[in-house]
Amino acid sequence: MVELEIDGKKVEVAEGSLVMEAARKLGTYIPHFCYHRKLSIAANCRMCLVEVEKAPKALPACATPVTPGMKVFTNSEKAVKAQKSVMEFLLINHPLDCPICDQGGECQLQDLAVGYGASESRYKEEKRVVFHKNVGPLISMEEMTRCIHCTRCVRFGQEVAGVMELGMLGRGEHSEITTFVGKTVDSELSGNMIDLCPVGALTSKPFRYSARTWELARRKSVSPHDGLGANLVVQTKNQRVMRVLPLENEDINECWISDKDRFSYEGLNSADRLTRPLLKQGGEWMETDWQTALEYVANGLTSIKRDHGADQIAALASPHSTLEELFLLGKLMRGLGSDNVDFRLRQTDFSAALKGAPWLGMPVADVTTLQRVLVVGSSLRKDHPLLASRLRQATKKGARVAVLGAGGEDLLMPLAARIDVAPSGWTAALAGVARAVAAAKGVAAPAGTEGFDGGDVAAKTAEALLSGERRAVFLGNEAVRHPQFSALHALAQWIATETGATLGFLTEAANTVGGYVAGALPRQGGANAQAMLDTPRKAYILLNTEPEFDAADPRKALAALAQAGTVVVLSPFRSEAAMQYADVILPVTPFTETAGTFVNCEGKPQSFNGVVRALGESRPGWKVLRVLGNLLDVAGFDYETAESVRAEVLSAPVDAQLDNATDAPIRVAAAAANGIERIADVPIYHADPIVRRAESLQLSAAARRAMQIALPADLFASLGIQSGDPVRVTQGQGSVVLPAVLEATLPANTVRVPAATPAAMSLGAMYGTVTVEKAIDLAPATGTVATA
């Protein structure tokens, strides 16, 4: 530790700390623009100049290391004069457009100009002008004349997002921040640049000119979109969500959020929002009141139970639902005598039950400290943007990361090993890694892996895992959806045990862990999600889900729903498919209009309250389920508040229910010898109903890629096509025509057709063989869907 004095106050900080950090520990504010505690030191704005005893000139506090006995003066005449001089230079070219600037009211330059700026400028020469740039649908760079060249945005892209999308051109007053020629800003974390910008140079396009910051009410909330559970500040005006910002939580999301968390609010008030219950009579939809709709549902379910038995009633829920909603749905089904309830809609292999709720296996913050990591079956940047960022930070500290998957995604971090194989070869490839670990340790390889040699890449993976101290093996969303998930799980468990690594799951949605805790899955011999659709039931209850996008096999899901006698949909939104298969649609509220709880990937329950009133006559899902329970005479449905439901669910500690262990045997399947295999990842902006309706996100490059078919180089050559040419992919009885794009990192004889999109509705399971052919006679980029 080093002791120094700042403005007469003594403070102790660690050796190597900066004056800025020592001042922050004391609570002393030093004005600054370019400094940010999560970014590298640039020291280019010079606003933080302070006087240091015996130093010949003022020094930047953000770049000056502390020394024993140092005396620093932040408010001396010398320091203030230096700070005011810097401010004068910063304001030379800055436009006087505060009244029309979206940053007005929360602008760092505006605030500091009050304390350090002059009443008028001495600068009489012509001011510089920087022309605006179009960098995509999310960030506005239309007033770059305001830029003060702090380079926070540039450093964020390189150091946190992992990709340099912005840079500085020119010198002196001709310097300007810009993109590469013809490129847009497409990072899944790009919106954080808006928060980092201390002036109004980078602003939010969706929020632009819609409200002033002092008009907005601020409420805390939790993101429903992925397993992290990022903490949010939701800003509202006139009972409408206007903007979403990060709420700093070092243990969860630090001070960042993904673009999915930030911009998805547009979907909350989309044209699809329902405000009154809908009832289908004689094939026609009509609006009705709640009493009529709920009695219709209760009578329909009672009739089916009486005539066909309780087993003919099934419930499918989204893992994006709250803990309270999932708990009451399970309790309602069991009260009816049916155990057919599940939220694992994209899972297909249920051959081995988990011993407990699958979870990350460690606190989220510990991911940054890992030294050796193996990730199996995960599109990290799409599925877990902020966890990917934490792994990226770990690699900067020397961590070695290996991945096994189907390729195609640049993780924007150095990798110790990368095993890219077709999905049918994943178990064989992981068995090769297990045998390499066994060989390196001199122990017996697990039974069932005989004959599977992973070669040099498997040996590199094993060597990386067996070195270092803090190790982890993570199973991602694609591994859980895999037809051989149980074998992947068993192999990953063996590898983790033998290498001393922690086995963890990169969970899919905000309440994947919560679904297990709430008991929203079959317990007493009930049917799982796949079985409910394989063997269609007479009645279905759908909670916050659109099976045409969320099910592992959308064709099978639509066929099962079409033949049912009663389909009850509880959703904030209407969808074209639901208007065909549903009989009654009950408008429940999204997360911003209800109280609830999400249990994130580390098993931490995070509760939140509604931030705006329910839209129209929509009602919180837990209240709708409570009333349904009362109408169906189910015992124990006398809850008054969401808190009383939560208290019952969380009466048993969540920690005691977390367990990643499995008893599944290791059964390794040889990779498919021939045929073209489909890879069906879930695109980042198609993962749930809210994101699918966020207009700006659907204009992004990632959303456009979701409407393309990616082919490896060998298929491109054999088909004789060019990028953008339409190709037809046929799977079973359905086919889709979309523009083709070359993805050189895909394994041979694979094709990527993303799931959860309108085009993919006509295809079958997420994994399987397909045929691919040219479709030159059709116009490219139309997304034509043909169903046989």
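Computed from a predicted model, the values in this text were never measured in an experiment.

A few points about helix 1 (residues 19–26)
Inference 1: For helix 1, the full list of buried residues reads Val 19, Met 20, Ala 22 and Ala 23. End-on view of helix 1: buried residues confined to an arc of 165°, all on one side of the axis.
Inference 2: Those residues of helix 1 hidden inside the fold are in contact with strand 1 (2–6), strand 2 (9–13) and strand 5 (71–73).
Inference 3: Directly after helix 1, the chain includes Gly 27, whose backbone phi takes a positive value near 85°.

Observations regarding the nonpolar core
Inference 1: Within the largest apolar cluster, 92 residues are counted, with the highest numbers of intra-cluster contacts made by Phe 33, Ile 139, Phe 156 and Phe 474.
Inference 2: Take this core: its biggest share by element is 5 residues, from helix 4 (residues 152–161).
Inference 3: Beyond its immediate chain neighbours, meaning those up to four positions away, Phe 33 contacts Cys 45, Met 47, Met 87, Leu 90, Gln 108, Leu 109, Leu 112, Ile 148, Cys 150, Arg 152 and Pro 198.
Inference 4: Formed by 52 residues, the second largest nonpolar core is a distinct cluster that contains Ala 293, Leu 294, Ala 317 and Val 624.

Looking at the UniProt feature "domain: 4Fe-4S Mo/W bis-MGD-type" (unreviewed entry) in the protein
Inference 1: Per the UniProt record, the feature "domain: 4Fe-4S Mo/W bis-MGD-type" (unreviewed entry) sits at residues 216–272.
Inference 2: The span residues 216–272 is 9% helical and 35% strand by assignment, and the distance between its end C-alpha atoms comes to 25 Å.

A short note on the domain arrangement of the protein
Inference 1: On domain assignment, one finds that the protein holds domain 1 (276–348 + 512–654), domain 2 (362–503) and domain 3 (674–772).
Inference 2: A separation of 36 Å is found between the C-alpha centroids of domain 1 and domain 2.
Inference 3: With 5 residues of domain 1 at the contact, the number on the domain 2 side is 9 residues.
Inference 4: Sorting the residues of domain 1 by area buried against domain 2 places Arg 346, Gln 347 and Glu 602 first, and these three jointly supply 67% of that buried surface.
Inference 5: Applying the counting rule to domain 1 against domain 2 returns 0 salt bridges.
Inference 6: Linking domain 1 with domain 2 are 2 residue pairs in polar contact (both at pLDDT 80 or more), by the criterion used here.
Inference 7: In terms of residue class, the side of domain 1 that touches domain 2 is built from 1 nonpolar, 2 polar and 2 charged.

Some points on the UniProt feature "domain: 4Fe-4S His(Cys)3-ligated-type" (unreviewed entry) in the protein
Inference 1: In the numbering used here, UniProt assigns the "domain: 4Fe-4S His(Cys)3-ligated-type" (unreviewed entry) feature to residues 78–117.
Inference 2: Between the C-alpha atoms that bound residues 78–117 the distance is 16 Å, and the span itself is 60% helix and 0% strand.

Focus on the environment of Glu 51
Inference 1: Residue placement: Glu 51 occurs in strand 3 (residues 49–52).
Inference 2: The partly exposed category is assigned to Glu 51, whose relative accessible area is 22%.
Inference 3: Between the C-alpha atom of Glu 51 and that of Ser 223, which follows or precedes it by 172 residues, the distance is 44 Å.
Inference 4: Glu 51 has contacts with Lys 71, Val 72, Phe 73, Ser 76, Lys 78 and Ala 79, leaving out every residue within four places of it along the chain.
Inference 5: A polar atom in the side chain of Glu 51 sits 2.6 Å from the side chain of Ser 76.

Brief notes about the pattern of salt bridges
Inference 1: Scanning the entire structure with this criterion turns up 39 salt bridges.
Inference 2: Across the salt bridge formed by Glu 248 and Arg 37, the nearest N and O atoms sit 2.0 Å from each other. Remark: Arg 37 occurs in the loop between helix 1 and strand 3 and Glu 248 occurs in the loop between strand 13 (240–246) and helix 6 (259–263); sequence separation between them is 211 residues.
Inference 3: On the basis of relative accessible area, Arg 37 is assigned to the partly exposed category, the value being 39%.
Inference 4: The partner of Arg 346 in a salt bridge is Glu 508, with the nearest N and O atoms 2.7 Å apart. Taken together, the residues span a long stretch of sequence, with Arg 346 in the loop between strand 17 (341–342) and strand 18 (372–376) and Glu 508 in the loop between strand 22 (502–505) and helix 15 (512–518) at a distance of 162 residues.

Overview of the packing of aromatic side chains
Inference 1: Here the structure, examined in full by the defined rule, presents 6 aromatic pairs.
Inference 2: Between Phe 343 and Tyr 516, the ring centres sit 5.4 Å apart and the planes meet at 85°, which makes this aromatic pair edge-to-face. On the criterion of sequence distance, the pair formed by Phe 343 in the loop between strand 17 and strand 18 and Tyr 516 in helix 15 is long-range, its members being 173 residues apart.
Inference 3: Among the residues examined, Phe 343 registers a relative accessible area of 2% and is labelled buried.
Inference 4: Here Lys 331 stacks its cationic end above the ring of Phe 637, 5.7 Å away from the centre of that ring.

Cut-offs used in this document
Residues numbered from 1 in each chain as written. Predicted model: local features only at pLDDT ≥ 70, side-chain atom pairs only at ≥ 80, totals over all residues. Heavy atoms only, no water. Buried < 20%, exposed > 50% of the residue type's maximum accessible area, 1.4 Å probe, protein only. Helix = DSSP H or I, 4+ residues; strand = E, 2+ residues; numbered from the N terminus. Arc of directions from axis to C-beta. Contact = heavy atoms within 4.5 Å. Core = buried A, V, L, I, M, F, W, Y, C linked by side-chain atoms within 4.5 Å. UniProt positions renumbered as here; feature names shortened; annotations may be inferred. Domains from an automatic or database assignment. Buried area = accessible area lost by both parts, 1.4 Å probe. Salt bridge = Lys/Arg side-chain N within 4 Å of Asp/Glu carboxyl O. Polar contact = N/O pair within 3.5 Å; in protein donor to acceptor, adjacent residues only side chain to side chain. Nonpolar A, V, L, I, M, F, W, Y, C, P; charged D, E, K, R; others polar. Phe/Tyr/Trp six-rings, centres within 6.5 Å; stacked < 30°, edge-to-face > 60°. Lys NZ or Arg CZ within 6 Å of the ring centre and 35° of its normal.

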